Amino acid sequence: MKTIRAEYVIVGTGAAGPVLAYHLARAGKDVLMLERGPHLTPEKLSQRETEMVGRLFKDGGAQMNTACDMFLLQGNGVGGSTALTNGVCFHFPDAVLDRWATEFKVDLDRDRIAAAQRRVDSVLNVHELERDVFNPATPLLENGIRAIGREPLHFRKNFLDCVGCGYCTVGCKYGRKMHSGMTWVPMAMQHGARLMAMTEVNKIDAGGATVRGLKCRDLDSGEKFRVEADRYILSCGAINTPGVLLRSGIKGEDTVGKWVSFNVGSICFAEFPEPIDAFDGDQMCVWVNALPDYVLEQLHNPPASFALTMPLWHREHYDQLDRYRYMTSIGALVATDPRGQIHHPPIPGWHEEITFKASAGELDRMRRGIEESARIFLAAGATKVFPPCAETLLIRSEDDLKHLPSRFRMQKQLTGFGSSHPHGGCRMGVDAKTSVVDPEFRVWGFDNLHVCDASVFPTSLAVNPQVPIMALADYAVHAIAGIEPPATVEDGPVAEARRRLGLAPDEPVLLSSGVPPT
Ligand SMILES: Cc1cc2nc3c(=O)[nH]c(=O)nc-3n(C[C@H](O)[C@H](O)[C@H](O)COP(=O)(O)OP(=O)(O)OC[C@H]3O[C@@H](n4cnc5c(N)ncnc54)[C@H](O)[C@@H]3O)c2cc1C
Ligand code: SF4
């Protein structure tokens, strides 16, 4: 059997893996990145949702929990889930880091995390979204948000001269989204790191406390081969990383796969009396901060995803979609406690199984978020509001909101309930009995096996997590390899553009404007 060797092998090229690959390769290490999905560069992407969802999402976008009442979206390709984001960028909320320190003794050095977040922001060109690419529903929603006494906040995004095509969640065919596949992966490769896409790691071959190799499969040819390294870093993401460990018989002290949490979401839809053409611009522009209970995020999906998440059934659903030009939506995002679990699949070759049931308190916060979204829509002039209820409920006035509580008693009562932000399953901690990795990102009981991705998070973040996950990987490179990241990252694509245009370090880069290439 073929064997490929490296000093460091990193499995997964989403938010975490390529950041580690970049810093390690920059420090002169021999790095190999393995990625299960394809390497689809912008010119290979299209805006045909059904084709792109099938190619870029894990399980073709059909991953669900075992009860089939919650969808779970994850990326599958170079860039991982970051290639599919809406570019929303938040930093670690202080309250979350405080909770990790007090409740789980995971006391991250705040200065180092702050420096890591600054580095990530600069590589990703994070800046407040330009108003000229806001979708046309945004001013209406801003009015509605103000009318109910909240403040409309504008998202910060990792875009580089976005043209507002509105198709972020099927990848950016214009190359304007600065996801991992457009930034950290090529930056790592500039320093000599190697990348193998369409390569799935099936099992870890471990003897005692040492990993001896990875059993891999080329998903194009079907060829099986082995990868051997001095150190192994799993960055396959929450759900997948515990899945690889469980498939390999690595269970810790019955800890692997436990304590999975989510930012769960549901979407409230509305129809306005005139066409608003909300598809004609960025999908997500404004949000409302109602933490610690929930956040509300404007979201306007392209037609297929819009249809999949919209409530109503049969003919009513069909007819309502004819009103797409008149409609838009808001998502309510709620952080759950870490009570989900990843299980070893009962049949060889199946993907891991996921169990999660929202608590009454979490469903109540979701209900309040949806109720507030409905009030925003009504104040903005919507004539019909469709909350995400399986038993159809049409809201035309504030009085109709009284019917909501009885529709939020069980997860199954909700339509489009799910998460694109799974966390945990290999949580970090100071005790092998209650965690999977130690504060040095090393799997308890192993000397050369590390985990760094969303699976180490002890709890969910409550906000969109791509920047915190990248920052954690930047932070981890010191713990894993003793490498100090540079104060500023000079060799990113954005830094290059900034130098070329003579812009100040904190000035957002806007390379051009106008008509996107066809
Ligand atoms: C549709 C969507 C929209 C989102 N929007 C936002 C947003 O706007 N802002 C934000 O902050 N966050 C957003 N997120 C969430 C964010 O992208 C993820 O939380 C983050 O990318 C997770 O990082 P990760 O490194 O843990 O895993 P991932 O980014 O999921 O990367 C894991 C990688 O490992 C690969 N892999 C898995 N198993 C194996 C294996 N056995 N062998 C080889 N490779 C493997 C996967 O194919 C994948 O590429 C979004 C997510 C989705 C799905
Ligand atoms: S050009 Fe389109 S896909 Fe690309 S970042 Fe902008 S809105 Fe997203």
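Just so it is clear, the structure is predicted and the values come from calculations on it, not from any experiment.

Caption draft 1: Layout of the site of ligand 1. Taken together, 38 residues are adjacent to ligand 1, and Glu35, Ser81, Val88, Ala454 and Gln466 come closest. At 2.8 Å from a nitrogen atom of ligand 1 is found a main-chain nitrogen or oxygen belonging to Val88. Between ligand 1 and Pro465 there is a distance of 3.2 Å, counted from an oxygen atom to a backbone nitrogen or oxygen. Elements with a minimum of two residues in the shell around ligand 1: β8 (199-207), α7 (240-247), β18 (418-424) and α11 (466-481). Here the residues of the shell around ligand 1 sort into 13 nonpolar, 20 polar and five charged.

Caption draft 2: Up close: the site of ligand 2. Around ligand 2, the neighbouring residues are Phe159, Cys162, Val163, Gly164, Cys165, Gly166, Tyr167, Cys168, Cys172, Tyr174 and Arg176. Here ligand 2 is seated within the largest cavity. Here the shell around ligand 2 is composed, by residue class, of eight nonpolar, two polar and one charged.

Caption draft 3: Structural view of unusual backbone geometry. Here the amide bond leading from Leu291 into Pro292 is cis, since omega sits at 10°, within 30 degrees of zero. Despite not being glycine, Asp277 has its phi angle at roughly 50°, a positive value. Take Asp277: it is sitting in the loop between β11 (260-271) and β12 (286-290). Although it is not a glycine, Leu312 sits at a positive phi angle of roughly 85°. Tracing the backbone shows Leu312 in the loop between α8 (303-309) and α9 (314-321). Relative accessible area serves as the criterion here: at 8%, Leu312 is assigned to the buried category.

Caption draft 4: How the structure looks around the packing of aromatic side chains. Applying the stated criterion to the full structure yields 12 aromatic pairs. For the pair Phe272 and Phe377, a centre-to-centre distance of 6.3 Å together with 75° between the ring planes defines the contact as edge-to-face. With Phe272 in the loop between β11 and β12 and Phe377 in helix α10 (residues 360-380), the pair connects residues that are 105 residues apart, well separated along the chain. Here Phe272 and Phe377 have matching classes, each one buried. Of the aromatic side chains, those joined through ring pairs into one cluster are Phe269, Phe279, Phe306 and Tyr324. Above the face of the Tyr326 ring, Arg323 is positioned so that its terminal group lies 3.9 Å from the ring centre. Its guanidinium or amino end placed over the ring of Trp259, Arg427 lies 3.9 Å from that ring's centre, counting from NZ or CZ.

Caption draft 5: Expanded view of helix α1 (residues 17-26). With respect to burial, α1 is a largely interior element, nine of its 10 residues being buried. Residues Gly17, Pro18, Val19, Leu20, Ala21, Tyr22, His23, Leu24 and Ala25 constitute the buried set of α1. Once α1 finishes, Gly28 follows within two positions and takes phi at roughly 90°, a positive value.

Caption draft 6: Just the environment of His317, in detail. Checked against the element boundaries, His317 lands in helix α9. Residues in contact with His317, not counting those within four places in the same chain, are Ala307, Met310, Pro311 and Leu312. One polar contact links the side chain of His317 to the main-chain carbonyl oxygen of Ala307, over a distance of 3.0 Å.

Caption draft 7: View of the pairing of strand β2 (residues 31-34). Burial along β2 is two-sided: Val31 and Met33 facing one way and Leu32 and Leu34 facing the other are all buried. Judged from the four bridges that link them, strand β1 (residues 3-11) and β2 form a sheet pairing that is parallel. Bridge pairing links Ile10 to Met33 in β2. Taken together, β1, α1 and β2 form a β-α-β motif whose crossover is right-handed. With three bridges connecting them, β2 and strand β7 (residues 194-196) associate as parallel partners. Among the inter-strand pairings, Leu32 is bridged to a residue of β7, identified as Arg194.

Caption draft 8: Geometry of the side chain of Thr82. For Thr82, the position within the fold is in the loop between β3 (71-72) and α3 (94-104). If sequence neighbours within four positions are ignored, Thr82 has contacts with Gly14, Ala15, Lys177, His179, Ser180, Gln466 and Met470.

Caption draft 9: Representation of the domain arrangement of the chain in the model. In terms of domains, the chain is made up of domain 1 (1-63 + 75-87 + 90-125 + 161-259 + 425-518) and domain 2 (129-157 + 261-337 + 359-416). A C-alpha centroid distance of 30 Å is found between domain 1 and domain 2. At the interface, 24 residues of domain 1 touch 27 residues of domain 2. Across the domain 1/domain 2 interface, buried area totals approximately 2000 Å², and carbon plus sulfur atoms make up 47% of it. Together, Glu49, Asn86 and Ala462 form the three largest contributors to the area buried by domain 1 at its contact with domain 2, with a combined 26%. Along the contact surface separating domain 1 from domain 2 lie two salt bridges. Taking the shortest distance from any N to any O, the salt bridge between Asp337 and Arg99 comes out at 3.6 Å. Along the contact surface separating domain 1 from domain 2 lie 14 residue pairs in polar contact (both at pLDDT 80 or more). Looking at the side of domain 1 that touches domain 2 residue by residue, the class counts come to 11 nonpolar, 10 polar and three charged.

Caption draft 10: Just the packing of helix α5 (residues 138-147) against α10, in detail. Their axes nearest at 7 Å, the elements α5 and α10 cross at an angle of 110°. Here α5 is positioned roughly perpendicular relative to α10, judged by the angle of their axes. Crossing of α5 over α10 shows right-handed handedness. Here Leu140, Leu141, Gly144, Ile145 and Ala147 of α5 come into contact with α10, specifically with Ile376, Phe377, Ala379 and Ala380. Per-class residue counts for the contact of α5 with α10 are eight nonpolar, one polar and no charged.

Caption draft 11: Summary view of the confidence of the model for the chain. A residue-level look at the chain finds 96% of positions with pLDDT of 70 or above and a mean pLDDT of 94. Contacts from residues 512-518, a stretch scored under 50 in pLDDT, to residues over four places away or in other chains number nine contacts.

Caption draft 12: Representation of the pattern of salt bridges. Within this structure, the stated rule accounts for 35 salt bridges. The partner of Arg194 in a salt bridge is Asp30, and the shortest N-O contact between them spans 3.1 Å. Here Arg194 is found in strand β7, whereas its partner Asp30 is found in the loop between α1 and β2, with 164 residues between them in sequence. Asp69 is the partner of Lys412 in a salt bridge, and the nearest nitrogen-oxygen pair spans 3.7 Å. You can see Lys412 sitting in the loop between β17 (384-386) and β18 and its partner Asp69 sitting in the loop between α2 (49-56) and β3, a full 343 residues away along the chain. The class for Lys412 is exposed, based on a relative accessible area of 52%. Overlapping salt bridges bring together Asp293, Asp364, Arg367, Arg368 and Glu371 as one network.

Basis of the calculations
Residues numbered from 1 in each chain as written. Chains lettered and ligands numbered in written order. Predicted model: local features only at pLDDT ≥ 70, side-chain atom pairs only at ≥ 80, totals over all residues. Heavy atoms only, no water. Near = heavy atom within 4 Å. Polar contact = N/O pair within 3.5 Å; in protein donor to acceptor, adjacent residues only side chain to side chain. Helix = DSSP H or I, 4+ residues; strand = E, 2+ residues; numbered from the N terminus. Nonpolar A, V, L, I, M, F, W, Y, C, P; charged D, E, K, R; others polar. 1 Å grid on protein atoms, 1.4 Å probe; cavity = no way out; pocket = protein on both sides within 12 Å on 5 of 7 lines; lining within 4 Å. Sits in = over half its atoms within 2 Å of the grid points. Buried < 20%, exposed > 50% of the residue type's maximum accessible area, 1.4 Å probe, protein only. Phe/Tyr/Trp six-rings, centres within 6.5 Å; stacked < 30°, edge-to-face > 60°. Lys NZ or Arg CZ within 6 Å of the ring centre and 35° of its normal. Contact = heavy atoms within 4.5 Å. Pairing = 2+ DSSP bridges. Right-handed = clockwise from strand over helix to strand, strands pointing away. Domains from an automatic or database assignment. Buried area = accessible area lost by both parts, 1.4 Å probe. Salt bridge = Lys/Arg side-chain N within 4 Å of Asp/Glu carboxyl O. Axes fitted to C-alpha atoms, helices over the stretch in contact; angles between N-to-C directions. Parallel < 35°, antiparallel > 145°, perpendicular 65-115°, else oblique. Left-handed = near helix turned anticlockwise from the far one by under 90°. pLDDT = per-residue confidence, 0-100.

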